[in-house]
Each structure stands twice: as C-alpha cells, then as structure tokens.
Amino acid sequence: SKVLCHYREKITLTGAQGDKVPGYSYLPKHHKEKKSPAVLFQYGIGDSKDSEYAVAIGDFFANMGYVVMTIDIAGNGERSGESVSSISKLQDSAVFNRMVGDYKKAVDYLSSRSEVKADKIGSAGASLGAITGFKFVAEDKRIKSFVAVVAGGNFSGGFLKIPNDPINFIGQIPPRGLFLINATNDEVIKREWAESLHSAAGASAEKLWLETNHTFQ
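The paragraphs below set out a description of the structure included in this document. Position numbers for residues count from 1 along each chain, tracking the sequence in the order it is written. Under the rules for a predicted model, residues below a pLDDT of 70 receive no local features and side-chain atom pairs below 80 are neither given nor counted, while totals for whole chains, interfaces and linings still include all residues. Processing note: side-chain calculations cover all non-hydrogen atoms of the structure and skip hydrogens and water entirely.

1. Thoughts on the environment of Arg-8
So, step 1. Mapped onto the elements of the fold, Arg-8 is located in strand β1 (residues 6–14).
So, step 2. Relative accessibility decides the category of a residue: with a 1.4 Å probe and only protein chains considered, values under 20% of the type maximum give buried, values over 50% give exposed, and everything between is partly exposed. Relative accessible area serves as the criterion here: at 43%, Arg-8 is assigned to the partly exposed category.
So, step 3. With 47 residues separating them along the chain, Arg-8 and Val-55 place their C-alpha atoms 9.8 Å apart.
So, step 4. In this view, Arg-8 contacts Tyr-24, Ser-25, Tyr-26 and Val-55; residues no more than four positions away in its chain are not counted. Strands are runs of DSSP state E lasting at least two residues, helices are runs of H or I lasting at least four, and both sets are numbered from the N terminus onward. By definition, residues are in contact when any of their heavy atoms lie within 4.5 Å.

Following this line, the structure appears as structure tokens:
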C-alpha cells in the first residue's frame, strides 16, 4: 500500500461572487517546520476536487513537498446544485470569469497560509482547468509557472468556439514558466488547436507530446 507523507484538509473559501467554494488543501508532512512552494490544480469539465486523478495529483505533489490546493468550480462537486451547464463554462464569459475569479481567491488563500512560500506559487490544469488557466495566469502575476495539460487554442467552430480563447492570453505568461503537455490521440482537443498554442507559447516554453488520449487511458 502507498505511504502518504502528508495531510489533507477540507477548506471553504469565499468565492469571487461571495459564495462558498469548497476545496482541499494538501500539506506536506514537514508543513509545521518549514514553508513550501504551492500549486493550485484544476481539472476537467465534468470532474471535481474529489475525482480520482485530482486526488492522486494532490497526494503526489504533497508527498514531494508541495502544498497543493484544488477547489470545486461552480456546477461541480459540492457545488453541483448550482445551475451551471458544462457548455456555459466555455461559452458564457460570465461563468468563465467566475471560475477565474475563484482561482484568484484560492491564491489569496494560499498566500495567506503560513506553510506557503507566497513568492513560489504555481498553477496546473487539465482540459477545462488548463483552458481557463491561461486567462487566470495571464492576469494573476503571483503565479510563477503554469502547466497546461491537454489544452488547445485558436478554436474554430463547434462547442469549443469560446470568447476567452487561450490563444489571446498565452503571450502574457512568459517569461514566467510555461509547460504544455498534449496527447497525440486526443479525441477532444484537435492537434491543430494544440499546435496553435505551442506556436504562440514562444521558444521559452516547454512542450511535450505523449502517446495517449485525452484522459490518459
């Protein structure tokens, strides 16, 4: 059985619109002895802080010595009672900006924690968590690095034609750290969308293609 060398706390933030935002904070075992870098991780469109891979990522990085945080976005997890459709998370700017605002509130919280090195906070996102992350990281200069997994940009047509396209924000992230991870057999994000982001990211960004699909299965 795996050994977990950390602690997980249930937290509740005040969101961008004054509502309650449940989340998890993963603290390294040494959190009382020294400060640690922190990561805000956000997940795909139908998932939550309790999704198996989100918990696994929290466990992994906390064991590596990071403080990790995940929050439930509007319409997901403990906030599933809120009337927010999946499509509106991409196409409705008010809903999109609400998610971005909640991410900023999460960073407020991380910055206030005595266990966190406030000048060493990063962000990582998968799918929707990555797509929304570009605007968030572009606007919030407290984020020192960003890892985007199975994201795309320069979308055209279909349900992924969105107002807050990552292609409009990616140029505002460097020279901060930027790492783009995409899947060769992605059935959701077309290769041309991923390559558009890779091109716009510039030479300083790291890029990686993995032989897998959108859900890494």
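Don't stop here, the text continues.
2. Details of the sheet that holds strand β5 (residues 116–126)
So, step 1. For two strands to count as paired, DSSP must find a minimum of two bridges between them. One open sheet holds the 8 strands; their spatial order is β1-β2-β4-β3-β5-β6-β7-β8, and the pairing between them is mixed. Edge positions in the open sheet fall to β1 and β8 (206–210), since each of these has one partner strand only. Averaged over all adjacent pairs, the angle separating strand axes in this sheet is 20 degrees, with direction ignored.
So, step 2. As paired elements, β5 and strand β6 (residues 143–149) share 5 bridges and run parallel to each other. Counterpart to Ile-121 in the pairing with β6 is Ile-143.
So, step 3. Most of the contacts of helix α3 (residues 93–112) go to strand β4 (residues 67–71), to which it runs at about 150 degrees, and overall it touches β1, β2 (20–28), β3 (36–42), β4, β5 and β6.
So, step 4. Note on geometry: axes are lines fitted to C-alpha atoms, helical ones only across the stretch in contact, with angles between N-to-C directions running from 0 to 180 degrees. Seen against the sheet, helix α4 (residues 128–139) touches β3, β5, β6 and β7 (177–183) and runs at an angle of roughly 155 degrees to β6.

3. A word on unusual backbone geometry
So, step 1. Note that the residue after Pro-174, namely Pro-175, is joined by a cis bond; omega there is 10 degrees.
So, step 2. On the secondary structure map, Pro-175 appears in the loop between β6 and β7.
So, step 3. Positive phi outside glycine occurs at Ser-127, with the angle close to 55 degrees.
So, step 4. Its place among the elements puts Ser-127 in the loop between β5 and α4.

4. Some details on the nonpolar core
So, step 1. Core analysis: the biggest nonpolar cluster contains 55 residues, and Leu-13, Met-69, Leu-110, Phe-134, Phe-136, Leu-178 and Leu-180 have the highest contact counts within it.
So, step 2. Each residue touching Leu-110, except ones within four places of it in the same chain, is listed here: Ala-38, Leu-40, Val-67, Met-69, Val-116 and Ile-121.
So, step 3. In these notes, a set of buried Ala, Val, Leu, Ile, Met, Phe, Trp, Tyr and Cys residues joined through side-chain atoms within 4.5 Å is what counts as a nonpolar core. Counting residues in hydrophobic clusters, the runner-up holds 5 residues, among them Tyr-24, Tyr-26, Ala-62 and Val-68.

5. Focus: a nonpolar patch on the surface
So, step 1. Residues form patches when they are more than 30% accessible in relative terms and have no salt bridge. Like charges link within 9 Å. Nonpolar side chains (Val, Leu, Ile, Met, Phe, Trp, Tyr) link within 5 Å. To measure how exposed things are, a 1.4 Å probe is used in the Shrake-Rupley method; for residues, cover is taken only from the protein chains shown. Just to be clear on terms, a salt bridge is a Lys or Arg side-chain nitrogen sitting within 4 Å of an Asp or Glu carboxyl oxygen. On the surface, a cluster of nonpolar side chains totalling about 390 Å² of accessible area is made up of Phe-60, Phe-61, Met-64 and Tyr-66.
So, step 2. Here Phe-61 is to be found in helix α1 (residues 52–63).

6. Some points on the pattern of salt bridges
So, step 1. The final tally for this structure, using the stated rule, is 15 salt bridges.
So, step 2. For Arg-142, the salt bridge is made with Asp-108, and the minimal N-O distance between the two is 2.6 Å. A residue pair is termed long-range when its members are at least 10 positions apart, and Arg-142 in the loop between α4 and β6 and Asp-108 in helix α3 qualify at 34 residues.
So, step 3. According to the relative accessible area criterion, Arg-142 is partly exposed, its value standing at 27%.
So, step 4. By sharing partners, the salt bridges in this structure join Lys-10, Lys-49, Asp-50, Asp-72 and Glu-78 into a single network.

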